[in-house]
Amino acid sequence: MVDPADKRARAEAGAPLTVAPMVERRVVMITGSHHMQVYWVAATVGRTLHAFPFAWLIAEGRWVPVESTLLRPPEGDVVYTWNEVCIACHAVAGRPGVAEDLRDTRVAELGIACEACHGPGEAHAARHRDPLRRYLQHWSGAADPSIVQPARLPAPASAELCGRCHSVGLFHDEAAWRRDGDSHRAGDDLSATQRLVRHPLRASREEGPAIDALLEQDPDFLAGRMWSDGMVRVTGREYSGLRESACFAGGELSCLSCHRMHGAPPDDQLAAGMDGDAACVGCHAGAASAEHSHHSPGAAGCMDCHMPHTTYGLLGAMRSHLIDRPDLALTLTTGRPDACSLCHIDRPLAWTAEALARWYGHERPELSALQTEVSAVALWALRGDAGQRALAAWHLGWGPARAVGGGDWQVAILAALLMDPYAAVRHVAARALRRLPVSAGVEIDPDGSVEARAAVRDVLIGLQPRGAADPARLRGADGGPDAAAIRRLNTERDERPVDLRE
């Protein structure tokens, strides 16, 4: 698959393009149900599935290059193979069947079906074909030995069951996995087949040599998944975050404390009532009080402060599952946005530093002039690395943040991100722009040509009201946004390659 951006660049430069012959392939599988759909086609040899070059974004109702859906460096030609990546978690008892360059892949069932969480079900089905036995088992209220029920497991074991897929982990024997698949079944000890990869700052001394060996083989392994202090940075790795939380260490918290796999909304699978402070106050009485939060009731929830959206994935931001507290010293060290700034998108870091010092006695860090005057989220959007830019763009369009510190001042900043070299950042910015009333009716194509995107950027900047609030401190002489100043800040962005491995 050739990068679409490279094709456009070659065409704009007048370079000849080689027209490939028409190829017909059957789509044999579709993955994705409520964010995007990826289509898989069979290779000509073996049982290998490659991603069709375009994915379908469900919310937008449009096709986009598959490359655009992942936050990875814009250059490169990558073929996505289902057999050795997706199959590990998106199928039941998957066996890649890799032998040299051929794959004889097999699964017990495609998709995340019942046996993925409950273990092999043949004995269970046979046992309960007898209606009398089935109802006696139900009425007894006792555990059924023929099947695994995650809700009946001790909290650590229940969370570990989810952690088989939702963690930063590696198989102990990668070659055996590629050949024969994973022998782990629901309820087994996960450590027998996989090891949880922890950041060196959080790992024990015994884990150090294995991490050193891993980084020697893949120097970017941790950077593609974690912030520099070990907090998980990409979605789908929630168990790794939860494991590092003090709440989990107590032995009572598990994934099922908040989530339900059946009957809950598909986006987050939160149990009824667990989308607010009820998820926390059951253990932390008084945690939602104004005395603790320094916010009026309903203004901010426990999760907004202790589980902010600092995890990236699926062209958006997700809540961190490492339950933590706002700490500007960590923000300045790691680059991970702090919870206060992600809600108060109109405030600079100096404002947050003052509030944390006054309320909780935090030491005031040394800040630059920009960090004292300019909205922190605006700076991350314009000057941050690609991951920070994506998170900042998402928060500039996030409803609760717009209610606290939004308006129309974000338009020019988000419009500037339509020129970002990372397609995923452009898509996140476009989604945020579509949520702003002032952008209504403007056709925004994040994958359009450079000229087309520049034209839309200029139109959007022109729509930003003159004389509006300007927390980014980027207003021009006419009272509108200072486009030149925005571009100047954007040229100072962190250009280090970012490859977030969802």
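Sequence order as written defines the numbering, with residues in each chain counted from 1. In keeping with the predicted nature of the model, local features appear solely for residues at pLDDT of at least 70, side-chain atom pairs appear and are counted solely at 80 or more, and the whole-chain, interface and lining totals rest on all residues. With hydrogens and water set aside, each side-chain value is computed from the structure's full complement of heavy atoms.

For the rest of this paragraph, the subject is the overall build of the protein. Scanning the protein from N- to C-terminus turns up 23 helices and 13 strands. Principal-axis analysis of the C-alpha atoms places the extent of the protein at approximately 80 × 70 × 45 Å. Out of the 502 residues belonging to the protein, those deemed buried represent 44%. Within the protein, contacts between residues separated by at least 24 positions form 58% of all contacts whose residues are at least 6 apart in sequence. About 25,200 Å² of surface is accessible on the protein, with carbon and sulfur atoms providing 55% of the total. Across the protein, the 52 positively charged side chains and the 64 negatively charged ones have centroids separated by 2 Å. By definition, any uninterrupted DSSP run of H or I lasting at least four residues is a helix, any uninterrupted run of E lasting at least two residues is a strand, and each is numbered from the N terminus. Accessibility here uses a 1.4 Å probe with only protein chains present; expressed as a share of the type maximum, an area under 20% marks a residue as buried, one over 50% as exposed, and anything in between as partly exposed. Residues count as neighbours in contact if any of their non-hydrogen atoms are within 4.5 Å of one another. Areas reported here follow the Shrake-Rupley algorithm with a probe of radius 1.4 Å; residue values treat only the protein chains shown as occluding. Positive charges are assigned to Lys and Arg, negative charges to Asp and Glu, while His and the chain termini are left out of the count. In plain terms, the charge of a residue is placed at NZ if it is Lys, CZ if Arg, CG if Asp and CD if Glu.

Of all hydrophobic cores here, the largest spans 66 residues; its most connected members are Leu71, Tyr312, Leu396, Ile413, Leu414, Leu433 and Leu460. Listed by contribution, the elements that provide at least two residues to this core are helix H14 (339-343), helix H15 (349-360), helix H17 (376-383), helix H18 (386-397), helix H20 (411-416), helix H21 (423-434), helix H22 (450-463) and helix H23 (483-490). Sequence-distant contacts of leucine 414, that is, excluding residues within four places in its chain, are made with Ala393, Leu396, Ala429, Ala432, Leu433 and Leu436. Nonpolar cores were defined as sets of buried Ala, Val, Leu, Ile, Met, Phe, Trp, Tyr and Cys residues, with membership established by side-chain atoms within 4.5 Å. Listed in part, the 14 residues of the second largest apolar core include Trp40, Ala55, Ile87 and Ala91.

This part takes up H22. The length a helix should cover is 1.5 Å for every residue beyond the first. Given a rise of 1.5 Å per residue, 14 residues ought to cover 20 Å, and the 20 Å separating the end C-alpha atoms of H22 matches this to within 8%. Among the residues of H22, those classed as buried are Arg453, Ala454, Val456, Arg457, Leu460 and Ile461. Considered in projection along H22, the buried side chains sweep an arc of 165° and stay on one side of the axis. Considering only its buried residues, H22 is in contact with H20, H21 and H23. Arc definition: directions from the helix axis to the C-beta atoms.

Let us now look at the confidence of the model for the protein. Within a predicted model, pLDDT stands for the predictor's per-residue confidence, ranging from 0 to 100. For the protein, the mean per-residue pLDDT works out to 91, and 95% of the residues sit at or above 70. Across residues 1-5 the pLDDT falls below 50, and counting only partners more than four positions away or on other chains, this stretch makes 11 contacts in the model.

Right, let's get into empty space enclosed by the protein. Residues are called lining when one of their atoms sits within 4 Å of a cavity or pocket point, these points coming from a 1 Å grid over the protein atoms alone, where a cavity is a set in which a 1.4 Å probe fits but cannot get out and a pocket is an open set with protein on both sides within 12 Å along at least five of seven lines. Grid points are joined across faces, edges and corners, and a volume is the space filled by probe spheres set on the points. Counted according to the given criterion, the structure contains 6 cavities of 30 Å³ or more. For the largest cavity, the calculated volume is near 120 Å³. Around the largest cavity, the lining comprises 16 residues; the ones closest to its centre are Pro308, Arg325, Pro326, Arg336 and Pro337. When residues are sorted by character, Ala, Val, Leu, Ile, Met, Phe, Trp, Tyr, Cys and Pro go into the nonpolar class, Asp, Glu, Lys and Arg into the charged class, and all the rest, Gly among them, into the polar class. In terms of residue class, the lining of the largest cavity is built from 8 nonpolar, 3 polar and 5 charged. In this model, the second largest cavity occupies a volume close to 70 Å³. Along the wall of the second largest cavity there are 13 residues; nearest its centre are Val232, Glu238, Thr311, Ser320 and His321. A per-class count over the lining of the second largest cavity returns 4 nonpolar, 6 polar and 3 charged.

We define a salt bridge as a contact between a side-chain nitrogen of Lys or Arg and a carboxyl oxygen of Asp or Glu at a distance within 4 Å. Tallied over the full model, the rule gives 30 salt bridges. Across the salt bridge formed by aspartate 104 and arginine 106, the nearest N and O atoms sit 3.0 Å from each other. Overall, aspartate 104 belongs to the partly exposed group, its relative accessible area being 32%. Arginine 198 is the partner of glutamate 244 in a salt bridge, and the nearest nitrogen-oxygen pair spans 2.9 Å. Pair noted here: glutamate 244 is in the loop between helix H8 (238-243) and helix H9 (246-249) and arginine 198 is in the loop between strand E11 (194-196) and helix H7 (208-217), with a separation of 46 residues, a long-range link. The residues glutamate 244 and arginine 198 share a single accessibility class, namely buried. Salt bridges linked by common partners bring Arg47, Arg95, Asp104 and Arg106 together as one network.

Pairing of aromatic rings covers Phe, Tyr and Trp, the last counted by its six-membered ring, and requires centre-to-centre distances within 6.5 Å; plane angles under 30 degrees mean stacked, over 60 mean edge-to-face, and any other angle means tilted. A full pass over the atoms with the stated rule returns 9 aromatic pairs. Ring geometry for tyrosine 239 and phenylalanine 248: centres 6.3 Å apart, planes at 90°, overall edge-to-face. Relative accessible area serves as the criterion here: at 4%, tyrosine 239 is assigned to the buried category. Where tryptophan 394 meets tryptophan 398, the ring centres are 5.5 Å apart and the plane angle is 25°; that geometry is what we call stacked. Take tryptophan 394 and tryptophan 398: they sit in the same class, and that class is buried. A cation sits over an aromatic face here: arginine 225 above phenylalanine 221, 3.8 Å from the ring centre. By definition here, charges over rings are those cases where NZ of Lys or CZ of Arg is within 6 Å of the ring centre and within 35 degrees of the ring normal.

Counting through the fold element by element, tryptophan 56 comes out in strand E4 (residues 54-57). Given a relative accessible area of 25%, tryptophan 56 falls into the partly exposed group. Along the backbone, tryptophan 56 and valine 38 are 18 residues apart, and their C-alpha atoms lie at a distance of 6.7 Å. Beyond its immediate sequence surroundings of up to four residues, tryptophan 56 is in contact with His35, Met36, Gln37, Tyr39, Gly61, Arg62 and Trp63.

It is worth spelling out the side chain of arginine 389 at this point. Assignment of secondary structure puts arginine 389 in helix H18. Overall, the relative accessible area of 1% leaves arginine 389 in the buried class. Each polar contact in these results corresponds to two N or O atoms within 3.5 Å; when the atoms are within protein, one needs to be able to donate a hydrogen and the other to accept it, and residues that are neighboring in sequence are counted only if both atoms are side-chain atoms. Here the side chain of arginine 389 touches aspartate 420 through a polar contact of 2.5 Å, side chain to side chain. Not counting residues up to four positions away in its chain, the partners in contact with arginine 389 are Trp380, Ala381, Gly384, Leu417, Asp420, Pro421, Tyr422, Val425, Arg493 and Asp494.

The two faces of E4 differ: Ala55 and Leu57 on one face are buried, but Phe54 and Trp56 on the other face are not. A pair of strands is labelled paired if DSSP reports no fewer than 2 bridges between them. Relative to E4, strand E2 (residues 36-42) is paired through 2 bridges, and the arrangement is antiparallel. Within E4, the residue paired with glutamine 37 across the bridge is tryptophan 56. Looking at chain direction, E4 and strand E5 (residues 62-65) are connected through 4 bridges and run antiparallel. Among the inter-strand pairings, alanine 55 is bridged to a residue of E5, identified as valine 64. Where E4 hands over to E5, the hairpin turn is made up of 4 residues, of which glycine 61 adopts a positive phi near 65°.

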